Amino acid sequence: MSTDAHHNHSGEAATASSGPRTARPTSASAPAKLILCGEHAVVYGRPAIALPIAGVRATVQVEPATSGGIVFVAKDLRHRWRLRDERGRPLSALVTQIIRRYAGGTEPDARITLSSTIPIASGMGSGAAVATALVRALVAYLGATLEPSEVSELVYESERHFHGTPSGIDNTVIAYEQPLWFERRNDPAHEHPSVLMEPISIATPLQLLIGDTGVRSPTRLPVGEVRRRWEQDRPRYEGLFDAVAAVVHGSREALARGAIAELGALLSQNHGYLQEIGVSSPELDRLVRAACAAGALGAKLSGAGWGGAMLALVTDDTRAPVADALRAAGSAQVLESRVDPSGTRGPGQV
Ligand code: PMV
């Protein structure tokens, strides 16, 4: 699988010792991600499917500068900082790690410009996408190339350091830019569950619209609430998680056959289970209802819930009316993306 890092170099590779004087600008991007189906149940050992959202991306440029070490310019946040002044930031720490590995610890004079169209704190992997684009662009700037597995690992380490125990979905889907089946297997012989991540096949392009409630919802709150409810009534929640698992298996088969209408019905069914699990919200329900009423094949919340994003499966004919309906129903913005057919090359068991 190829990455999209461009090393705009006219032949010779920049090395750590040749440093900024010979380095050429580089840029790289990385997609957002969404959970197509299976969120929450996945925490309890059931499978989930995650998708790269190619049309919504983070982009990073690295350009040589004459002095001052590394300067970050975060365009969307209108913020600028020098690596040496703010070493505690997650992106500073990631850059320090990359410089240690790929430039012998010598900080080059360079400007790193970050920009992204991915809504933050909406379950779309904005942090992992910015980190992925940064790893690709900076490593290329330093004259090295990385496999997706190496990019994924660097981003995972960075997320783990700053966000506790990430599931590994975001960095993997984003670094490979591949639809992924994800399953934690609780093996009684091992203290920690093993994690199965494998690429899935998609027979026909998927057209998705993404509605944004504009409500920022930290993942741990609904996840904690579901845990509380599960502890109080395990049979009910185990039953709901099994029902979600059946939807996820059905969705995988529908994707492999290109049975888009069937997939749409399964997604709407998954939304119904998420409502019962208790993680939808009036804003999410309003957007899901509006999308379906305007002709979407199916719609559901995506991610942890109580806010953040929802997705709607559309066709050429329904894309425009569904987008209008989402805006009229209060979507802060409507993003569009296509998921192209894919085979099953990719990360395998990680
Ligand atoms: O919204 P996100 O991408 O943070 O997804 C949360 C997914 C959950 O299943 C709710 C939690 C998890 O760790 O898998």
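Bear in mind the structure is a predicted one, so any value in this text is a computation, not a measurement.

Caption draft 1: Layout of the sheet that holds strand E12 (residues 334-339). Overall, antiparallel pairing links the four strands, which are arranged E10-E11-E9-E12 in an open sheet. Only two strands of the sheet have a single neighbouring strand rather than two, namely strand E10 (298-302) and E12. Adjacent strand axes in the sheet meet at a mean angle of 25° when their direction is disregarded. Judged from the five bridges that link them, E10 and strand E11 (residues 309-314) form a sheet pairing that is antiparallel. Bridge pairing links Ala-299 to Ala-312 in E11. Relative to E10, helix H8 (residues 260-277) is tilted by about 45°, and along the sheet it contacts strand E9 (206-212), E10 and E11.

Caption draft 2: Looking closely at the site of the ligand. Around the ligand, the neighbouring residues are Lys-33, Ile-35, Glu-39, His-40, Val-42, Val-43, Gly-123, Thr-219, Val-223, Gly-303 and Ala-304. Lys-33 places a polar side-chain atom, nitrogen or oxygen, 2.6 Å from an oxygen atom of the ligand. Contact distances for the ligand include 2.9 Å between an oxygen atom and a side-chain N or O atom of Thr-219. Compared with its free state, where it exposes 380 Å², the ligand has 83% of that area covered by protein. Here the shell around the ligand is built from residues that sort into five nonpolar, four polar and two charged.

Caption draft 3: The arrangement of the pattern of salt bridges in detail. Within this structure, the stated rule accounts for 22 salt bridges. The residue Asp-85 makes a salt bridge to Arg-82 at a minimum N-O spacing of 3.3 Å. Judged by relative accessible area, Asp-85 falls into the exposed class, the value being 52%. Classification of Arg-82 as partly exposed rests on a relative accessible area of 34%. Each member of the salt-bridge network shares a partner with another, and the members are Arg-46, Glu-238 and Asp-242.

Caption draft 4: Main features of the side chain of Ser-217. Tracing the sequence through the fold places Ser-217 in the loop between E9 and helix H6 (220-232). A distance of 2.9 Å separates a polar atom in the side chain of Ser-217 from the backbone oxygen of Gly-305. Apart from the residues within four sequence positions on either side, Ser-217 is in contact with Ala-121, Pro-222, Gly-305, Trp-306 and Gly-307.

Caption draft 5: Quick peek at the packing of aromatic side chains. Taken as a whole, this structure holds four aromatic pairs when the rule is applied. A centroid spacing of 5.0 Å and a plane angle of 50° characterise the contact between Tyr-44 and Trp-230, whose relative ring orientation is tilted. Of this pair, Tyr-44 sits in the loop between strand E2 (26-37) and strand E3 (48-64) while Trp-230 is found in helix H6, placing the two residues 186 residues apart along the sequence. Like Trp-230, Tyr-44 is buried. Look at Tyr-44 and Phe-241: their rings are 4.5 Å apart centre to centre, the planes differ by 20°, and that puts the pair in the stacked class. With a gap of 197 residues between them, Tyr-44 in the loop between E2 and E3 and Phe-241 in helix H7 (residues 234-257) connect regions that are remote in the sequence.

Caption draft 6: Representation of helix H3 (residues 126-141) within the structure. For H3, built from 16 residues, the straight-helix expectation of 22 Å at 1.5 Å per residue is met to within 8% by its first-to-last C-alpha distance of 22 Å. Of all the 16 residues making up H3, 15 are buried; the element is thus mostly covered by neighbouring parts of the structure. Two residues or fewer past H3, Gly-143 is found with a positive phi of approximately 90°.

Caption draft 7: Up close: the pairing of E2. In terms of burial, E2 is a largely internal element, twelve of the twelve residues being buried. Bridging between E2 and E3 involves eleven bridges; their strand directions are antiparallel. Bridge pairing in E3 places Leu-34 opposite Leu-51.

Caption draft 8: Representation of unusual backbone geometry within the structure. Despite not being glycine, His-40 shows a phi value in the positive range, around 70°. Within the secondary structure layout, His-40 lies in the loop between E2 and E3. In this model, Ala-121 sits at a positive phi of 50°, which is unusual for a non-glycine residue. Along the chain, Ala-121 falls in the loop between strand E6 (110-116) and H3.

Rules behind the numbers
Residues numbered from 1 in each chain as written. Predicted model: local features only at pLDDT ≥ 70, side-chain atom pairs only at ≥ 80, totals over all residues. Heavy atoms only, no water. Pairing = 2+ DSSP bridges. Helix = DSSP H or I, 4+ residues; strand = E, 2+ residues; numbered from the N terminus. Axes fitted to C-alpha atoms, helices over the stretch in contact; angles between N-to-C directions. Contact = heavy atoms within 4.5 Å. Near = heavy atom within 4 Å. Polar contact = N/O pair within 3.5 Å; in protein donor to acceptor, adjacent residues only side chain to side chain. Areas by Shrake-Rupley, 256 points an atom, 1.4 Å probe, with all protein chains shown as cover. Nonpolar A, V, L, I, M, F, W, Y, C, P; charged D, E, K, R; others polar. Salt bridge = Lys/Arg side-chain N within 4 Å of Asp/Glu carboxyl O. Buried < 20%, exposed > 50% of the residue type's maximum accessible area, 1.4 Å probe, protein only. Phe/Tyr/Trp six-rings, centres within 6.5 Å; stacked < 30°, edge-to-face > 60°. Expected span 1.5 Å × (residues − 1).

Honestly, that's just the spatial picture; any functional story needs more than this.
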